[in-house]
Structure formats: C-alpha cells, structure tokens
Amino acid sequence: MKQKIVIKMSIHSDKCRSKALKIAVGISGVESVTVTGQDKDQVELVGDGIDSVELTRQLRKNVAHAELVSVGEVKKEQPAATTASATPAGSPPVEGWLPPPLPPYGFPHYHCCTVLRDPVYDNSCTMM
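Reference entry: report on the structure contained in this document. Keep in mind that what you see is a predicted model, and the values were worked out from it rather than measured. (Residues numbered from 1 in each chain as written. Predicted model: local features only at pLDDT ≥ 70, side-chain atom pairs only at ≥ 80, totals over all residues. Heavy atoms only, no water.)

For any two helices packed against each other, the geometry comes down to the angle between their axes and how far apart the axes lie. At a minimum axis distance of 10 Å, the contact between helix 1 (residues 14-26) and helix 2 (residues 52-62) shows a crossing angle of 145°. The handedness of the crossing between helix 1 and helix 2 is right-handed. Contacts between helix 1 and helix 2 pair Lys-19, Ala-20, Ile-23 and Ala-24 from the former with Leu-55, Gln-58, Leu-59 and Asn-62 from the latter. Of the residues belonging to the contact of helix 1 with helix 2, the class tally is five nonpolar, two polar and one charged. (Axes fitted to C-alpha atoms, helices over the stretch in contact; angles between N-to-C directions. Helix = DSSP H or I, 4+ residues; strand = E, 2+ residues; numbered from the N terminus. Left-handed = near helix turned anticlockwise from the far one by under 90°. Contact = heavy atoms within 4.5 Å. Nonpolar A, V, L, I, M, F, W, Y, C, P; charged D, E, K, R; others polar.)

In structure tokens form, the structure reads like this:
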C-alpha cells in the first residue's frame, strides 16, 4: 500500500531544504519527494512502507524542527478518457513480450578480447 506523508519543517534556506530532501530520499521505501506549501516549508513523500516516525526523527536531528502533519493512503486517479483513446476500437490490445530487434546482419556483434601474458612473469608466485 502506497502512502503519502506530509511533514512541516522550519526551513530557512536552500541549503536546509536540499539537506532535508537528501535525508528523505535516503529513507527506505521512498519513491518521490516534493517540497510544497506556501513558504516551501512542507516535505511531501510518496512511497511504500515508509517509517514516518523515523523520518521525522532524522529530519529533527539533522536539519531543523519537523512536525508530522499527515499520513495517508495515495489515491489513484483513473482517467477514463485516456484508456479509451489509447487503443483503437478495431485493433486488439497487444499482449506478451516481443524480443528486441536484431542487428542488420541477423546476429548480434560481440567484441572478442585476448589476454596476453608476458613470458618473463609466467610464474605468478613471487613470495617464496
């Protein structure tokens, strides 16, 4: 279940804002982070399985005062007009996997590398 977390912070500079974004992105489960609000003082996160208390604690410890405003489920918007116009009525939907196209000669090109050894250093053991 994806969740949306909004945290209000006392951010005074661009440096603090970028530091808060770095910390928010570093938390496991975060998919996207945006800065919102009138004064750009709210951090909005979307992700799956985010520990909001740990995130708030990290922001308070490393940036500035942080207050957890809301934690909720992300609501999916289903545009009805785009799904109807994406597939024409006369053609069936394409299902399955198509392999990538081959190069013009019909087979992939591989680069071959050869390792040359110097006959002087043929013995690899030098510690004895």
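Along the chain, the position of Ser-52 falls in helix 2. Those residues in contact with Ser-52 that sit more than four places away from it in its chain are Ile-5, Leu-68 and Val-71.

Glancing now at the pairing of strand 3 (residues 42-48). Pairing between strand 1 (residues 2-9) and strand 3: seven bridges, direction antiparallel. In the sheet register, Lys-8 faces strand 3, and the bridge partner there is Gln-42. Where strand 2 (residues 30-36) lies against strand 3, six bridges are found, and the strand directions are antiparallel. Bridge pairing in strand 3 links Val-30 to Gly-47. Between strand 2 and the antiparallel strand that follows it, strand 3, lie five residues; Gly-37 among them carries a positive phi value of about 100°. (Pairing = 2+ DSSP bridges.)

The next point concerns the sheet that holds strand 2. Strands in a sheet are paired, the pairing made by backbone hydrogen bonds, and the direction either parallel or antiparallel. Read from one edge to the other, the open sheet built from four strands follows the order 2-3-1-4, with strand pairing classed as antiparallel. Every other strand in the sheet has two partners, leaving strand 2 and strand 4 (66-73) as the edge strands with one partner each. In this sheet, neighbouring strand axes are inclined to one another by 20° on average, regardless of whether the strands run parallel or antiparallel. Across the face of the sheet, helix 1 comes into contact with strand 1, strand 2 and strand 3 while running at roughly 160° to strand 2. Here helix 2 sits on the sheet in contact with strand 1, strand 3 and strand 4, set at roughly 155° to strand 4.

For Ile-11, the location among the structural elements is in the loop between strand 1 and helix 1. Since its relative accessible area comes to 10%, Ile-11 is described here as buried. Separated by 29 residues in sequence, Ile-11 and Lys-40 have C-alpha atoms that sit 8.0 Å apart. Residues within four places of Ile-11 in sequence aside, it is in contact with Cys-16, Arg-17 and Lys-40. (Buried < 20%, exposed > 50% of the residue type's maximum accessible area, 1.4 Å probe, protein only.)

Before going further, it helps to spend a moment on the pattern of salt bridges. Under the definition given, this model contains four salt bridges. A salt bridge links Glu-31 to Lys-2, with the nearest nitrogen and oxygen atoms 3.0 Å apart. One end of the pair, Glu-31, is in strand 2; the other, Lys-2, is in strand 1, with 29 residues separating them in the sequence. Residue Lys-2 is classed as partly exposed on the basis of its relative accessible area, which comes to 41%. A salt bridge links Lys-4 to Glu-44; the shortest N-O distance between them is 3.8 Å. Of this pair, Lys-4 sits in strand 1 while Glu-44 sits in strand 3, and the two are 40 residues apart along the sequence. Exposure remark for Glu-44: the relative accessible area of 21% places this residue in the partly exposed category. (Salt bridge = Lys/Arg side-chain N within 4 Å of Asp/Glu carboxyl O.)

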